[in-house]
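# Residue-level structural notes
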Amino acid sequence: MTIEQFESWSLTIGISGLILWMLMIIWKMGQESKAGKFGYFILFFALGLGFIGFIAKTILVELLNR
């Protein structure tokens, strides 16, 4: 495994772990605030836009490299 491959895998795994951690934090915020269905939707939509961009960028880069 080359250094570039290791860095690529590390970045993907690390960011994926952080995204999952952020999703758990958003879920806990919804539970503690007793948000309803609409409240959960707003929390996940508003706070989740940041990592949606990262996922879209990763997909676009893979599609353009092929």
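As shown above, the structure is provided for reference.
Residues numbered from 1 in each chain as written. Predicted model: local features only at pLDDT ≥ 70, side-chain atom pairs only at ≥ 80, totals over all residues. Heavy atoms only, no water.

Inspection of every chain in the model, using the stated rule, returns 4 aromatic pairs. With centroids separated by 4.9 Å and ring planes inclined at 35 degrees, the aromatic side chains of Trp27 and Tyr40 adopt a geometry described as tilted. Taken together, the positions of Trp27 in helix 1 (residues 3-32) and Tyr40 in helix 2 (residues 37-65) put the pair 13 residues apart, joining distant regions of the chain. A relative accessible area of 42% means that Trp27 is categorised as partly exposed. Tyr40 sits in the buried class, given a relative accessible area of 17%. Aromatic side chains Trp27 and Phe44 sit 6.4 Å apart centroid to centroid with 50 degrees between the ring planes, which places their arrangement in the tilted category. Of this pair, Trp27 sits in helix 1 while Phe44 sits in helix 2, placing them 17 residues apart in sequence. When its relative accessible area of 27% is taken as the criterion, Phe44 is described as partly exposed. Pairwise contacts between aromatic rings join Trp27, Tyr40 and Phe44 into one cluster. (Phe/Tyr/Trp six-rings, centres within 6.5 Å; stacked < 30°, edge-to-face > 60°. Helix = DSSP H or I, 4+ residues; strand = E, 2+ residues; numbered from the N terminus. Buried < 20%, exposed > 50% of the residue type's maximum accessible area, 1.4 Å probe, protein only.)

What follows covers helix 2. Along its 29 residues, helix 2 runs 39 Å from first to last C-alpha, staying within 8% of the 42 Å computed at 1.5 Å per residue. Where helix 2 bends most, at Leu49, the angle is about 55 degrees. Looking only at helix 2, the buried set comprises Tyr40, Leu43, Gly48 and Phe51. Where helix 2 is buried, its residues meet helix 1. (Expected span 1.5 Å × (residues − 1). Bend = angle between axes of the 7 residues up to and from the residue. Contact = heavy atoms within 4.5 Å.)

A separate point is the packing of helix 1 against helix 2. Remark: helix 1 packs on helix 2, axes separated minimally by 10 Å, with the N-to-C direction vectors making an angle of 170 degrees. In terms of their interaxial angle, helix 1 and helix 2 are classed as roughly antiparallel. For the pair helix 1 and helix 2, the contacting residues are Ile15, Ile19, Met22, Leu23, Ile26, Trp27, Met29, Gly30 and Gln31 in the first and Tyr40, Leu43, Phe44, Leu47, Gly48, Phe51, Phe54 and Ile55 in the second. Taken together, the residues of the contact of helix 1 with helix 2 break down into 14 nonpolar, 3 polar and no charged. (Axes fitted to C-alpha atoms, helices over the stretch in contact; angles between N-to-C directions. Parallel < 35°, antiparallel > 145°, perpendicular 65-115°, else oblique. Nonpolar A, V, L, I, M, F, W, Y, C, P; charged D, E, K, R; others polar.)

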